[in-house]
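Listed here are the chains, written in short residue letters.
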Amino acid sequence: SANNKKGKSMNGINKLLMAATALSFSMMSNVSAQSFEMKLVGATINDTNHEYLLEFERRIEKKTEGRIQATVYPAGQLGGISQMVEGVILGTVELYLVPPEFLSGINPAFGVVSAPGLLRDQEHAIATTQDPEFYDMFTNLASEQGVLGVSYYVYGPSAYIMKTPADTMADIKGKKVRVLASDVEQATMQAIGATGVPMPFGEVLAAISQGVLDGARTSYGGPAGGGWYESAPYVLEAGDSYVTMMAIVSKGWLATLPEDLQQAVVEVGIEMNEYNNAYAKQFLSEMKTIWEDGGGTVKQLDPAEKQDLMSALAPIGAKVFTDASSKAMYET
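Read on for a plain summary of the structure. All chains use their own residue numbering, which begins from 1 and follows the written sequence. At least 70 in pLDDT is required for a residue's local features to be given in this predicted model, at least 80 for side-chain atom pairs to be given and counted, and no such filter applies to totals for whole chains, interfaces and linings, which use all residues. To get the side-chain values, all heavy atoms of the structure are used, and hydrogens and water are removed first.

**A look at the packing of helix 4 (residues 122-129) against helix 10 (residues 259-293)**
Here is the rule: Here an angle of 0 to 180 degrees is reported between the N-to-C directions of two axes, which are lines fitted to C-alpha atoms, with helices fitted over the stretch in contact. Note on conventions: DSSP H or I runs of at least 4 residues are helices, E runs of at least 2 residues are strands, and numbering of each starts at the N terminus. Put simply, angles under 35 degrees are roughly parallel, angles over 145 are roughly antiparallel, angles from 65 to 115 are roughly perpendicular, and the rest are oblique. Each crossing gets its handedness from the near helix: less than a right angle anticlockwise from the far helix is left-handed, clockwise is right-handed. Note on contacts: a residue pair qualifies if any of its non-hydrogen atoms lie within 4.5 Å across the two residues. Under this grouping Gly is polar, as are all residues other than the nonpolar Ala, Val, Leu, Ile, Met, Phe, Trp, Tyr, Cys and Pro and the charged Asp, Glu, Lys and Arg.
Contact geometry for helix 4 and helix 10: axes closest at 12 Å, N-to-C directions at 165 degrees. It follows from the interaxial angle that helix 4 and helix 10 lie roughly antiparallel. Here helix 4 and helix 10 pass one another in a crossing that is right-handed. Mapping the contact onto sequence places Q122, E123 and I126 in helix 4 and N277, A280, K281 and L284 in helix 10. Class assignment of the residues belonging to the contact of helix 4 with helix 10 gives a composition of three nonpolar, two polar and two charged.

Next up, the structure:
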């Protein structure tokens, strides 16, 4: 009788263990089957940045076998830069593609890449931004604020896109020009005798059309894709600095993912550096044709004038980046 009771008791325990094991496997299965939304947001369309978002979508969904469901929102569809950066910090925007200078309010060191002459040409810009010492330091500048840079690539050389003809830097003098939100770009405008106006990309074309701005200082890939040549047809390639782009991800959102999906996001971000640097170089070769086919003109700064310009602008970086964080980043 005692053995019989013991047998019944063991059978009950075994059934409980089996049920618990089944529940555990069921929970594990549910976690692995769970899908997560990832909004991929950018300010431009039909350009290098738009391609980044589309390719990231393809790669992250393939790598995670659909457990991360990504949706692309180009052309500022979800809001302006400050709103989207705040969304990344709060975790309501998963990935945002932005010129790092617009993060200067979080950390002024993000502005160092705009320093004139720091990046000499496209190849040097790529080599510098992909150098591990620089890359790791730069992409983690806002880590304490919940923002992680998962990709960082070179968009293209800076140019002046103007409403009126611009053949020399003298044609930029006295004009109101949109710049990125950093002290170094403001200092650059002052040095050439123009007024720098920080403004989100999505608002610039309307501001030029309405006469609020005379032009913009940026690479003209995004403007070419957006048809700016109809309102601001004159491009002067100065090449005094290079436009770079960083994909920032919400660390708060990242922490909600299983570890393997966190790793997938980071891995795809790194893969995209090589992909988009190559794509940007290809796109650069096509931009001039797109611009001129649209009725605009593209002129390069005379070499002698460019040399004079670079000599005048060279001291700006060291003068602007004097606080500890910015100085360390600039010197790196």
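**Some details on unusual backbone geometry**
Notably, N46 is not glycine yet its phi reads approximately 60 degrees, a positive angle. For N46, the position within the fold is in the loop between strand 1 (36-41) and helix 2 (48-63). Of note, A75 is a non-glycine position whose phi angle comes to about 55 degrees, a positive value. Among the structural elements, A75 can be located in the loop between strand 2 (68-73) and helix 3 (81-90).

**As for the packing of aromatic side chains**
Worth spelling out the cut-off: Here a Phe, Tyr or Trp ring, Trp counted by its six-membered ring, pairs with any other such ring whose centre lies within 6.5 Å, and the pair is stacked when the planes are under 30 degrees apart, edge-to-face when over 60, and tilted otherwise. The rule is simple: take the accessible area with a 1.4 Å probe, protein chains only, and divide by the maximum for that residue type; under 20% is buried, over 50% is exposed, in between is partly exposed.
Under the defined criterion, the tally for this structure stands at 12 aromatic pairs. Centroid distance Y279 to F283: 6.4 Å. Interplanar angle 15 degrees. Geometry classified as stacked. Linking Y279 with F283, this pair stays in helix 10, spanning four residues, or about one helical turn. Classification of F283 as buried rests on a relative accessible area of 7%. Chaining the aromatic ring pairs together yields one cluster made of F110, F134, F138 and Y152.

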